[in-house]
Amino acid sequence: MPLHVLQHPLGAHVLTHLRDKTTKPALFRTLSYQISLLLALEATRDLATEEKEIETPMEPMAGRVLARQLVVVPILRAGLGMVQPFQDIFPDVSIGYVGLERDHTTAIARSYYCKLPPLEGKRVIIVDPMLATGGSAAQAIDVVKAAGAKEIVFVCIVASSEGVAAMEQAHPAVPVHTGALDRALNAKKYILPGLGDFGDRLYGT
Ligand code: PRP
Ligand code: URA
């Protein structure tokens, strides 16, 4: 499975402040936006383009435009914190939603919502800040595959080695883009060093 770990000084800077436990929700949301923007650029680096004839004010030329529509699918609820930069740089993007919630004792994700636009022929980018056991990401990919998605990318802010291994096992052809690859999971399946519960920190819950 292709694994891409963000290599950008601004990414490292933003991640450090995201991880800092004294960072409050307002700044946390801004930092989430910033790192998601960097990840959005990385995850779309290989998008197909096609030729388009235009006329500049000076002369005709063959330019290039995006050839494939994009669908971004946040895994609720924390994934919502990563959507805005995709909407800002890809104005024609469609948004689908997959609602998954980990059980606090088993860490197994339960599905509670799903609303997807047509996915055939589109680049489908699933976003969720935390790839811990990999259970939520693998389930979300199952869902979009069942709905017809063929070209799928998964984007997260922090991944654990265990989560990456689970993705390799479940969906070896789906590329993963992450802001960082962390050391381990604790007994409650939280990422170490991680940044804690992303949804709680994003929404102040
Ligand atoms: C978090 C996170 C991922 C999931 C990752 O969501 O946003 O969806 O856990 O864990 P996994 O890789 O072990 O499945 P959570 O279930 O806490 O829900 P929330 O987004 O509503 O806070
Ligand atoms: N979900 C989170 O928000 N954080 C973790 O470390 C693991 C799952």
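Criteria and thresholds
- Sequence order sets the numbering: in each chain, residues are counted from 1 along the sequence as written.
- Going through the entries in the order they are written, you letter the chains from A and number the ligands from 1.
- With the structure being a predicted model, the display of local features is reserved for residues of pLDDT at least 70 and the display and counting of side-chain atom pairs for 80 or more, all residues being used for whole-chain, interface and lining totals.
- Derived side-chain values reflect all non-hydrogen atoms in the structure, with water molecules and hydrogen atoms excluded from consideration.
- Helix axes are fitted only over the stretch in contact, all axes being lines through C-alpha atoms; the angle between N-to-C directions runs from 0 to 180 degrees.
- For the purposes of this entry, the term helix denotes a DSSP run of H or I that reaches at least four residues, the term strand denotes a run of E that reaches at least two, and both are numbered from the N terminus.
- Comment on the angle field: the value is read as roughly parallel under 35 degrees, roughly antiparallel over 145, roughly perpendicular from 65 to 115, and oblique elsewhere.
- By convention the crossing between two helices is left-handed if the near helix lies anticlockwise of the far one by an angle smaller than a right angle, and right-handed if it lies clockwise.
- For this analysis, residues touch if any pair of their heavy atoms sits within 4.5 Å.
- Polarity classes work like this: nonpolar for Ala, Val, Leu, Ile, Met, Phe, Trp, Tyr, Cys and Pro, charged for Asp, Glu, Lys and Arg, and polar for all others, with Gly in that last group.
- Strand pairing is defined by DSSP finding a minimum of two bridges between the two strands.

This next bit is on the packing of helix H1 (residues 9-19) against helix H2 (residues 25-43). Taken N-terminus to C-terminus, the directions of H1 and H2 make an angle of 150°; their axes are 9 Å apart at the nearest point. Relative to H2, the element H1 is oriented roughly antiparallel. In this structure, H1 meets H2 at a crossing whose hand is left-handed. Across from Leu10, Gly11, Val14, Leu15, His17 and Leu18 in H1, the residues of H2 making contact are Phe28, Leu31, Ser32, Gln34, Ile35 and Leu38. Split into classes, the residues belonging to the contact of H1 with H2 amount to eight nonpolar, four polar and no charged.

What follows is about the pairing of strand E3 (residues 60-66). Two elements, strand E2 (residues 49-55) and E3, share seven bridges in a ladder whose sense is antiparallel. Counted as the bridge partner of glutamate 51 is arginine 64 from E3. Hairpin connection from E2 to E3: four residues lie between these consecutive antiparallel strands.

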